[in-house]
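One letter stands for each residue in the lines below.
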Number of protein chains: 2
Amino acid sequence: MPIRLTTSAADFETGFAAMLSAKREDSADVGDVVAGIIADVRDRGDAALIDYTARFDRLDLTAETLRIPAKEMSRVVAGVPAEDRAALELAAERIRAYHARQMPQDESWTDEAGATLGWRWTPVTAAGLYVPGGQASYPSSVLMNAIPARVAGVERLVVCVPTPDGVVNPLVLLACELAGVDEIYRVGGAQAIAAMAYGTETIAPVDKITGPGNAFVAAAKRQVFGRVGIDMIAGPSEVLIIAEGDQNPDWLALDLMAQAEHDADAQSILITPDAGLADAVEQAVARLIPTLDRAEIAGASWRDYGAVIVTRDLEEAAALSDRIAPEHLELCVAEPEALAARTRHAGAIFLGAHTPEAVGDYVSGPNHVLPTARSARFSSGLSVMDFLKRTTLARLTPGALARIGPAAVRLAASEGLAAHGQSVAARLQTLNEGSGT
Amino acid sequence: MPIRLTTSAADFETGFAAMLSAKREDSADVGDVVAGIIADVRDRGDAALIDYTARFDRLDLTAETLRIPAKEMSRVVAGVPAEDRAALELAAERIRAYHARQMPQDESWTDEAGATLGWRWTPVTAAGLYVPGGQASYPSSVLMNAIPARVAGVERLVVCVPTPDGVVNPLVLLACELAGVDEIYRVGGAQAIAAMAYGTETIAPVDKITGPGNAFVAAAKRQVFGRVGIDMIAGPSEVLIIAEGDQNPDWLALDLMAQAEHDADAQSILITPDAGLADAVEQAVARLIPTLDRAEIAGASWRDYGAVIVTRDLEEAAALSDRIAPEHLELCVAEPEALAARTRHAGAIFLGAHTPEAVGDYVSGPNHVLPTARSARFSSGLSVMDFLKRTTLARLTPGALARIGPAAVRLAASEGLAAHGQSVAARLQTLNEGSGT
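What you see is a predicted model, and the numbers here were worked out from it, not measured in a lab.

Each partner contributes to the interface: chain B provides 115 residues, whereas chain A provides 114 residues. Buried surface at the junction of chain B and chain A, summed over both partners, amounts to about 10,300 Å²; 56% is from carbon and sulfur atoms. It is Arg344(B), His354(B) and Arg427(B) in chain B that bury the most area against chain A; as a group they hold 8% of the surface buried on that side. Across the chain B-chain A interface, the total number found is 14 salt bridges. At the junction of chain B with chain A, the criterion picks out 68 residue pairs in polar contact (both at pLDDT 80 or more). Per element, the largest residue contribution to the side of chain B that touches chain A is ten residues, and it comes from helix H17 (residues 418–432) of chain B.

Set out below in structure tokens:
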């Protein structure tokens, strides 16, 4: 049974605090194993990739067959049913349109001191995207990672995807094609992350690695961070739904289970001021679970981490949501914009009864790679910004240096950095002598 | 002697590659010690802070004296010389003006499908800034970290600064005052990071921690990452100067040494197409070093990591700079904007002979917390963005769901996520029955 809390109850705060601090993830300590794999790939390059792929994916490769060739790509992609292709194309187009609006502007201005200041954005040169194999090999995630990179202007976009027993996912390859991926390698696990970070004879290194993966992939990303950039290390997914009493309990039950079916560690929370709706949704969920293909996963998630909270009003619901800082926040209320304005911390907000979270996973346009485990308090979902970096610019005229330089000389002295001060003072002296260039 | 390379020489590539891959930092493995300190602070709170401060800073505190009270603050700050105050005020004002321009815009639009999409930015609620003690206690760094947080709208801004033997740095306190810091605690090291991440009886936890520190502080930031956000883990600082033959060798020598005097692990590089200028700068540096207060540090940095590279032309210099991706790039050439446009990877660019890097450390306005160790290939300096997070927003009308929902149903089926598909399909069915709300 999911936890049931009522804010007016005396023990509410204890129960809510326990829910907030519950750890949902068993992070297996695979750091040493992963360090060994990374060292081996740095050492032996392709040969190490070939060995690990034979061992873990039961697939014999050579340096020549590490990469999926264009011919194989075309053949596999040609087998995708037209309706699947159309759906993926719609998703790609909408994701591209949304992320194109995220492109930041360069700025430059000259201030009253005579300093020309600003910044410019440039893309990362090469990015690598990890795509998990098997059940968790989602074409939608390929689009969500690869399209922002392409929109940002990344020149070289690499995908590593394991193909256990040689089985490739045609929709993953089609997603790569639609997103404009340049190179696809049939390598997975920590060895793929090592190859993208350090390079091998066949795989040139990249500057940034993104994408989801299992504990080995996550540990490898942590270990190569610094050598390359990485995106967030995502935890189990979660949804929080705030609903008013007149909402359809079956729809809400489906939305809660759409989260729960991802993973037994996923978390689905309903907050409502209406105890009757809370009961109706709990009953609807109980009816729904046995009918799902992934009944076992969804059932375990709901049993272990599900929560239903009855509040005095929507204001209180919004305040609790901010304490949770959910990855996904669904506002099934009459005035969702007003309620959204009362919350501060969420990865993505879905407004109104006709915006189920699942449309956000695929086709609404915003990214579905979002901060989990309360990290929406301080971080954002994936965006074009993850594939760009800002360079600040400053140009001082001799006059500007004359105006603001003396303060730098003073501060350098106070920090005990003599050469700092002299590098400014030497120029000021030349200016004072009237021979400045 | 610094390394001297010439691009036209046969062994250039070997020497340059060796320089690129040289590791400048001995990262002492203090992970276990730090993990123990963090666990102890989580366990014992203030009592642990008091014990560590007695042991490491030779200072006896109580829960009541952990925080520097307003009265002490005023008294200490009153002792700052007027010229130092004026210099710090100028710096604060210019940093604030620059960072105010970085505030991103919220966006919202309705697309042709009828989906209202967008995003909004909200500040992190509470941020903690670590300020090192002793020699590396820089008031300029307080401004560079605290002002962007304040501009972003952070509500609660905390500083932890060790005060060994009880000695406080008046300029650090003044910088806190000018930047609008709310609470200052005389606690340092890993214990300060633990306190800000997890909270104690006296120090409420924050959501994001920034600021430089020694190996213990850096390890603690790594370990609390996830619980809170952190900024980058900075490595030793570096400058790359590209200069044409007519530049003043004494100015260039000072700029190189302004970097070298930071740290024996710092790196200063000159790239020029003019071998004569290269000679003149090397001679100027040799004359300069013995005159510096920090001669030993600057001399060691220049001897071990300094580099002078003679290229065929400026084009080649720009290409080498991109391979290095320097933290600071100084362009002492006649047309610095044109040369800047030919480079892609740098934390900050200083254009022209009258923009020495040292003005950027203090008063030009852009942030001096910048990506080191080649990470400018994929990351940016500190900015207001580090204290903001983006929440994506989507609202579909029934009509919009009818248009794009079927593609989501199709993709959910292809990914084997039944409840995802049903959560959309149930709404579509209601719409088709003409009873959609």
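It is worth spelling out the packing of aromatic side chains at this point. Inspection of the entire model under this criterion finds ten aromatic pairs over all chains. Between Phe12(A) and Phe16(A), the ring centres sit 5.4 Å apart and the planes meet at 25°, which makes this aromatic pair stacked. Placement of the pair is Phe12(A) and Phe16(A) together in helix H1 (residues 12–21), with a separation of four residues, close to one helical turn. As far as burial versus exposure is concerned, Phe12(A) and Phe16(A) are alike and both buried. Ring centres of Tyr98(A) and Trp119(B) lie 5.7 Å apart, and the angle between their planes is 75°; on these two criteria the pair is classed as edge-to-face. Within this pair, whereas Tyr98(A) is found in helix H5 (residues 82–100), its partner Trp119(B) is found in strand S3 (residues 115–123), the two belonging to separate chains. Each member of the pair, Tyr98(A) together with Trp119(B), is buried. Sitting over the face of the ring of Trp109(B), Arg101(A) holds its NZ or CZ atom 4.1 Å from the ring centroid. Here the guanidinium or amino end of Arg55(B) rests over the ring plane of Phe56(B), the centre of that ring lying 5.6 Å away.

Moving on to helix H5 (residues 82–100) of chain B. Look at H5(B): 27 Å from first C-alpha to last across 19 residues, which is about the 27 Å you get at 1.5 Å a residue. Along H5(B), the positions that sit buried rather than exposed are Asp84(B), Ala87(B), Leu88(B), Ala91(B), Ala92(B), Arg94(B), Ile95(B), Tyr98(B) and His99(B).

This part covers the pattern of salt bridges. For the structure on display, the rule yields 46 salt bridges over all chains. Here Glu183(A) ties to Arg156(A) by a salt bridge, and the two come within 2.8 Å at their closest N and O atoms. Residue Glu183(A) is located in strand S6 (residues 183–185), and its partner Arg156(A) is located in strand S5 (residues 156–160); the two are separated by 27 residues in the primary sequence. The class for Arg156(A) is buried, based on a relative accessible area of 16%. The salt bridge partner of Arg312(B) is Glu316(B), with a shortest N-O separation of 2.5 Å. The exposure class assigned to Glu316(B) is partly exposed, which follows from its relative accessible area of 21%. Overlapping salt bridges bring together Arg4(A), Asp279(A) and Glu282(A) as one network.

The next thing to look at is the domain arrangement of chain A. Residues and elements named next belong to chain A. When cut into domains, chain A gives domain 1 (3–25 + 236–365), domain 2 (31–230) and domain 3 (397–432). The C-alpha-based centres of domain 2 and domain 3 are spaced at 47 Å. Facing four residues of domain 2, the contacting portion of domain 3 comprises five residues. Taken over both partners, the interface formed by domain 2 and domain 3 buries close to 300 Å², and the fraction arising from carbon and sulfur atoms is 55%. Looking at the side of domain 2 facing domain 3, the largest losses of area belong to Glu-112, Ala-113 and Gly-114, adding up to 88% of the total buried there. Here domain 2 and domain 3 share zero salt bridges between them. Joining domain 2 to domain 3, the criterion identifies one residue pair in polar contact (both at pLDDT 80 or more).

In the superposition of chain B on chain A (RMSD 0.0 Å, axial shift 0.0 Å), the rotation amounts to 180°. Classification of the inter-copy transformation places it as that of a two-fold axis. For chain B, the residue whose C-alpha comes nearest the rotation axis is Pro104(B), separated from it by 4.3 Å. Interface overlap between copies: 99% of the residues of chain B at the interface are likewise at the interface in chain A, consistent with a symmetric, same-surface contact.

This next bit is on the sheet that holds S6(A). Residues and elements named next belong to chain A. On the basis of which strands lie adjacent, the open sheet formed by five strands has the order S6-S5-S4-S7-S8 and parallel pairing. One side of each edge strand has no neighbouring strand; the edge strands of this open sheet are S6 and strand S8 (229–230). Note that strand S4 (residues 126–130) and strand S7 (residues 208–210) share three bridges and pair parallel. The residue of S7 that forms the bridge with Leu-129 is Thr-210. Where helix H9 (residues 215–224) meets the sheet, it contacts S4, S7 and S8, and its direction lies at approximately 160° from that of S7.

Between its terminal C-alpha atoms helix H16 (residues 398–414) of chain B stretches 24 Å, which fits the 24 Å expected from 17 residues at 1.5 Å a residue. At Ile404(B), H16(B) is bent by approximately 45°, the largest bend along its length, and proline Pro406(B) sits one to four residues beyond. Listed in full, the buried residues belonging to H16(B) are Ala400(B), Leu401(B), Ile404(B), Gly405(B), Ala407(B), Ala408(B), Leu411(B) and Ala412(B). Buried-residue contacts for H16(B) involve H5 and helix H15 (357–362) of chain A together with S3, strand S14 (388–396) and H17 of chain B.

Looking now at the pairing of strand S9 (residues 238–243) of chain A. Residue and element names in this part refer to chain A. Summarising burial for S9: six of the six residues are buried, a large majority. Residues Glu-238, Leu-240 and Ile-242 line one face of S9 and the alternating positions Val-239, Ile-241 and Ala-243 line the opposite face, and both faces are buried. Two strands pair when backbone bridges link them, and S9 and strand S10 (residues 267–272) are joined in this way by five bridges, in the parallel orientation. Residue pairing in the sheet places Leu-240 in a bridge with Ile-269 of S10.

Calculation notes
Residues numbered from 1 in each chain as written. Chains lettered and ligands numbered in written order. Predicted model: local features only at pLDDT ≥ 70, side-chain atom pairs only at ≥ 80, totals over all residues. Heavy atoms only, no water. Contact = heavy atoms within 4.5 Å. Buried area = accessible area lost by both parts, 1.4 Å probe. Salt bridge = Lys/Arg side-chain N within 4 Å of Asp/Glu carboxyl O. Polar contact = N/O pair within 3.5 Å; in protein donor to acceptor, adjacent residues only side chain to side chain. Helix = DSSP H or I, 4+ residues; strand = E, 2+ residues; numbered from the N terminus. Phe/Tyr/Trp six-rings, centres within 6.5 Å; stacked < 30°, edge-to-face > 60°. Buried < 20%, exposed > 50% of the residue type's maximum accessible area, 1.4 Å probe, protein only. Lys NZ or Arg CZ within 6 Å of the ring centre and 35° of its normal. Expected span 1.5 Å × (residues − 1). Domains from an automatic or database assignment. Least-squares fit on C-alpha atoms with pLDDT ≥ 70 in both. Pairing = 2+ DSSP bridges. Axes fitted to C-alpha atoms, helices over the stretch in contact; angles between N-to-C directions. Bend = angle between axes of the 7 residues up to and from the residue.

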